[in-house]
Amino acid sequence: MENKTQRVSEIKSIALVAHDKKKEELVDWAYRFREGLMGHQLYATGTTGAILEKRIQLPVCKLVSGPLGGDQQIGAMITENKLDLLVFFLDPMQSQPHDPDIKALLRIAAVWNIPFACNQSTAEFVISSPLMSRDHDRVVPDYEQYLLTRPIE
């Protein structure tokens, strides 16, 4: 499959999501890295958005709760090239009733080559990257070309 590049603006669109037992960890992380998040467009699911907005004093576009479709909203944003980074603090010790939705979201992030941080360490590396504050090109598969040239089944 051929690749193409997508221009990523210096102002990133960032989704901030956390499982219930990881919400406080995400909020604490966002507070510590508030300066790095400032100036970017922030999105969050459910109550996480309201908690974040209150704690870090930055505007957050609040989507619906993950189990009610927030994960799919984020996935749609990725496929429409409206999201540049996914920070999703997963709870690996707890099964989630909407686990298939989460797996689908992670798959979409991989399909579209979106940076995805699933824990504090990775999120710290990503937010500290020089690419966070400048334009850059992201390489993605050229799915439009693939759809035009694939054999009809």
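Quick caveat: nothing in here was measured; it's all calculated off a predicted structure.

J.: What's the story with the confidence of the model for the protein chain in this structure? I'm lost.
T.: Segments scoring low in pLDDT should not have their predicted coordinates read at a detailed level. Scored by pLDDT, the protein chain has a mean of 91; 95% of the residues are at 70 or more. Ranking the helices and strands of the protein chain by mean pLDDT puts helix 6 (residues 120-127) first, with 97, and helix 7 (residues 143-149) last, with 79.

J.: Can you help me understand the environment of Gln-73 in this one?
T.: Position of Gln-73 among the secondary structure elements: in helix 4 (residues 70-79). Expressed as a C-alpha distance, the spacing of Gln-73 and Leu-105, which sit 32 residues apart in the sequence, is 9.4 Å. Contacts of Gln-73, omitting those with residues within four sequence positions, involve Leu-63 and Val-64.

J.: It is not clear to me how the nonpolar core should be interpreted in this structure. Could you clarify?
T.: One broad trend across soluble globular proteins is that nonpolar side chains are buried collectively. Counting residues in hydrophobic clusters, the biggest one holds 22 residues, and the most contacted among them are Trp-29, Leu-37, Leu-52 and Val-87. No other element matches the four residues that helix 1 (residues 23-32) contributes to this core. Aside from chain neighbours lying at most four places away, what touches Trp-29 is Leu-16, Leu-37, Val-87, Phe-89, Gln-120, Ala-123, Glu-124 and Ile-127. Of all hydrophobic cores here, the second largest spans 16 residues; its members include Leu-63, Leu-83, Ala-109 and Ile-114.

J.: Hey, could you run me through the packing of helix 1 against helix 3 (residues 46-56) in this one?
T.: When two helices pack together, their arrangement is captured by the angle between the axes and the distance separating the axes. Here helix 1 crosses helix 3 at 35°, and the two axes come no closer than 10 Å. In this structure, helix 1 crosses over helix 3, and the sense of that crossing is right-handed. For the pair helix 1 and helix 3, the contacting residues are Lys-23, Glu-24, Leu-26, Val-27, Asp-28, Ala-30 and Tyr-31 in the first and Thr-47, Thr-48, Ile-51, Leu-52, Arg-55 and Ile-56 in the second. Taken together, the residues of the contact of helix 1 with helix 3 sort by class into seven nonpolar, two polar and four charged.

Rules of the game
Residues numbered from 1 in each chain as written. Predicted model: local features only at pLDDT ≥ 70, side-chain atom pairs only at ≥ 80, totals over all residues. Heavy atoms only, no water. pLDDT = per-residue confidence, 0-100. Helix = DSSP H or I, 4+ residues; strand = E, 2+ residues; numbered from the N terminus. Contact = heavy atoms within 4.5 Å. Core = buried A, V, L, I, M, F, W, Y, C linked by side-chain atoms within 4.5 Å. Buried < 20%, exposed > 50% of the residue type's maximum accessible area, 1.4 Å probe, protein only. Axes fitted to C-alpha atoms, helices over the stretch in contact; angles between N-to-C directions. Left-handed = near helix turned anticlockwise from the far one by under 90°. Nonpolar A, V, L, I, M, F, W, Y, C, P; charged D, E, K, R; others polar.

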